Amino acid sequence: DAGVTQSPTHLIKTRGQQVTLRCSPKSGHDTVSWYQQALGQGPQFIFQYYEEEERQRGNFPDRFSGHQFPNYSSELNVNALLLGDSALYLCASSVGLAADTQYFGPGTRLTVL
Amino acid sequence: KNEVEQSPQNLTAQEGEFITINCSYSVGISALHWLQQHPGGGIVSLFMLSSGKKKHGRLIATINIQEKHSSLHITASHPRDSAVYICAVSGWETSGSRLTFGEGTQLTVNP
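As a convention, each chain's residues are numbered from 1 in the sequence order in which they are written. To read the labels, note that chains go from A and ligands from 1, taken in the order they are written. Under the rules for a predicted model, residues below a pLDDT of 70 receive no local features and side-chain atom pairs below 80 are neither given nor counted, while totals for whole chains, interfaces and linings still include all residues. Side-chain metrics in this entry use all non-hydrogen atoms of the structure; hydrogen atoms and water are not considered.

## What about unusual backbone geometry?
- Looking along the chain, the bond that leaves Ser7(A) and enters Pro8(A) is cis, with omega of -10°.
- As for its placement among the helices and strands, Pro8(A) is situated in the loop between strand S1 (5-7) and strand S2 (10-13).
- With omega at -5°, the peptide bond leading from Ser7(B) into Pro8(B) counts as cis.
- In this text, helices come from DSSP runs of H or I with a minimum length of four residues, and strands from runs of E with a minimum of two, each type numbered from the N-terminal end. Summarising the element assignment, Pro8(B) is placed in the loop between strand S1 (4-7) and strand S2 (10-14).
- One non-glycine residue, Glu52(A), lies in the positive phi region at around 65°.
- Topologically, Glu52(A) is positioned in the loop between strand S5 (44-50) and strand S6 (53-57).
- Given the relative accessible area of 44%, Glu52(A) is considered partly exposed.
- Unlike most non-glycine residues, Ala76(B) shows phi in positive territory, near 45°.
- As for its placement among the helices and strands, Ala76(B) is situated in the loop between strand S8 (69-74) and strand S9 (83-90).
- Exposure categories follow from relative accessible area, calculated using a 1.4 Å probe and restricted to protein chains: below 20% of the type maximum is buried, above 50% is exposed, and the middle band is partly exposed. With a relative accessible area of 45%, Ala76(B) lands in the partly exposed category.

In structure tokens form, the structure reads like this:
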């Protein structure tokens, strides 16, 4: 049983570009949450998807958008990249919307030059 | 003030020592989580608890709901325990399963 997978592992972009990160949840999980972790800090919640809808959103600008597909996989899109978007992007999957153990993917390391 | 605060930020121990990491939170929660993050980024959930105490191997997590405080203990620490330990809360107000994280505690266990 595969756990949470994310792609790509690493990514280098330049300012102003756009990026798409992908996440496949653990088998049986229908909820995907995305977090941004800057170096030396705890992860910050970006948004959460359930039943193909964005259910909650953290304090991130509209440049950050996402999508969930019928198979529960999810994408995170970031437009007009800034240097400050450089971070580890983590995807976590769980079941439903109530508080539950979340399973994390290995993350995507995004570097913006 | 962060909703979740951890102490200490950094901790160095000798192999075999008993280790305690503390977490305080300032909001109502339905669950508190302890997670472990190794270099390279992968995060593993260690415990989710809403009351009392849980034990898994050499790890023990406790929570005091009235005092809004939790502790993670590691008994007989080992160099392989070296990692960042992160406290997170969920279920406060309408936040459901979304996690609000502390800054993490960097633990180094020397042989």
